[in-house]
Amino acid sequence: LTLAHLTLTTTTTTTANAATTTTTARHANTPQPPPPCASDACNSKASAKRLRQAVGAHLRNLNALRSAGTLEPRDACNDALTEIDKMRAADLPTSSDAYNAAISICGTCDCDAAATLFDELVAKDSATEGSYATMVRVHLQHGRVDRASRTLQSMLDAGMQPRLRNSAPLLA
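Residues numbered from 1 in each chain as written. Predicted model: local features only at pLDDT ≥ 70, side-chain atom pairs only at ≥ 80, totals over all residues. Heavy atoms only, no water.

J.: With reference to specific residues and values, describe helix 6 (residues 145-157).
T.: The terminal C-alpha atoms of helix 6, which comprises 13 residues, lie 18 Å apart, in line with the 18 Å expected from a rise of 1.5 Å per residue. Every buried residue of helix 6 is accounted for by A148, T151, L152 and M155. In an axial view of helix 6, the angular spread of the buried residues amounts to 95°, which keeps them on one side of the axis. Opposite the buried face of helix 6, at more than 90 degrees from it, the exposed residues are R150 and D157. (Helix = DSSP H or I, 4+ residues; strand = E, 2+ residues; numbered from the N terminus. Expected span 1.5 Å × (residues − 1). Buried < 20%, exposed > 50% of the residue type's maximum accessible area, 1.4 Å probe, protein only. Arc of directions from axis to C-beta.)

Written out as structure tokens, the structure reads:
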């Protein structure tokens, strides 16, 4: 091997008592690690991944609240509202799944809190068929058949088609 085929790297380390120089030889054909990505595409991919992870963490917390069943309904609703507030404070994108979980949790004890969350989701144009179905179920749990019917109608007005299983309780 000749010197032309080697890349030399010299590092000098200085301590209190002495200076040490290290020279490392590496074959020129050895692959280099890729440089750190500084492009907008890499930054946006990394940013999107961080957002997905953050939203996912809040969604897991909400789903744990929903499935735990150990809290009083009022406490679970307050915790769900706090989780949604944390998402807002972190300026995270609106997640219909997170809101649907919070609507479902709050709907067991506080129909008005659930309706407020639902209205916020609709105002952000993020409501899905599942969001409407969740709100219909909440209204029906509280005996508010007229409001459940209006929610179903607003879903139809928004151009969404309900699944039969979600609208069946209103048809009975």
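That was the structure; now back to the text.
J.: Lay out helix 4 (residues 111-123) with the relevant residues and their values.
T.: Within an α-helix, residues lying three or four positions from one another point in the same direction, as the helix has 3.6 residues per turn. For helix 4, built from 13 residues, the straight-helix expectation of 18 Å at 1.5 Å per residue is met to within 8% by its first-to-last C-alpha distance of 18 Å. Its buried side turned inward, helix 4 meets helix 2 (73-89), helix 3 (96-107), helix 5 (129-141) and helix 6. D125 sits one or two positions beyond helix 4 and adopts a positive phi of about 55°. (Contact = heavy atoms within 4.5 Å.)

J.: Can you lay out the nonpolar core for me, pointing to particular residues and giving the numbers?
T.: The nonpolar side chains of soluble globular proteins are, as a tendency, buried together. Ranked by internal contacts, the top residues of the largest apolar core, which has 32 residues, are L62, A80, I84, I103, C106, L117 and M135. Listed by contribution, the elements that provide at least two residues to this core are helix 1 (40-68), helix 2, helix 3, helix 4, helix 5 and helix 6. If we skip the residues at most four places from it in the chain, C106 touches C77, A80, L81, C111, A113, A114 and L117. (Core = buried A, V, L, I, M, F, W, Y, C linked by side-chain atoms within 4.5 Å.)

J.: I'd love a proper account of the pattern of salt bridges, names of residues and values included.
T.: Working definition: two side chains of opposite charge can pair if their charged atoms are close together. Under the defined criterion, the tally for this structure stands at 7 salt bridges. Note that D85 is salt-bridged to R88, the shortest N-O span being 2.4 Å. One end of the pair is D85 and the other is R88, both in helix 2 and 3 residues apart, which spans about a single turn. Judged by relative accessible area, D85 falls into the partly exposed class, the value being 42%. (Salt bridge = Lys/Arg side-chain N within 4 Å of Asp/Glu carboxyl O.)

J.: Could you give an account of the packing of aromatic side chains, with specific residues and numbers?
T.: Under the defined criterion, the tally for this structure stands at 1 aromatic pair. Taking the centre distance of 5.1 Å and the plane angle of 80° together, the rings of F118 and Y132 count as edge-to-face. With a gap of 14 residues between them, F118 in helix 4 and Y132 in helix 5 connect regions that are remote in the sequence. (Phe/Tyr/Trp six-rings, centres within 6.5 Å; stacked < 30°, edge-to-face > 60°.)

J.: Account for the packing of helix 5 against helix 6, naming residues and giving values.
T.: Two numbers describe how helix 5 lies on helix 6: the axes approach to 8 Å, and their chain directions differ by 170°. In terms of axis orientation, helix 5 runs roughly antiparallel to helix 6. Of the residues in helix 6, those in contact with E129, Y132, M135, V136, H139 and L140 of helix 5 are V145, R147, A148, T151, L152, S154 and M155. Its residues assigned to classes, the contact of helix 5 with helix 6 shows 8 nonpolar, 3 polar and 2 charged. (Axes fitted to C-alpha atoms, helices over the stretch in contact; angles between N-to-C directions. Parallel < 35°, antiparallel > 145°, perpendicular 65-115°, else oblique. Nonpolar A, V, L, I, M, F, W, Y, C, P; charged D, E, K, R; others polar.)

J.: Account for the side chain of H139, naming residues and giving values.
T.: Inspection of the secondary structure puts H139 in helix 5. Beyond its immediate chain neighbours, meaning those up to four positions away, H139 contacts C111, R144, R147, A148 and T151.

J.: Please provide a residue-by-residue account of unusual backbone geometry, values included.
T.: Despite not being glycine, D91 has its phi angle at roughly 55°, a positive value. Structurally, D91 is set in the loop between helix 2 and helix 3. Located in the positive-phi region is D125, a residue other than glycine, with phi close to 55°. For D125, the location among the structural elements is in the loop between helix 4 and helix 5. D125 sits in the exposed class, given a relative accessible area of 73%.

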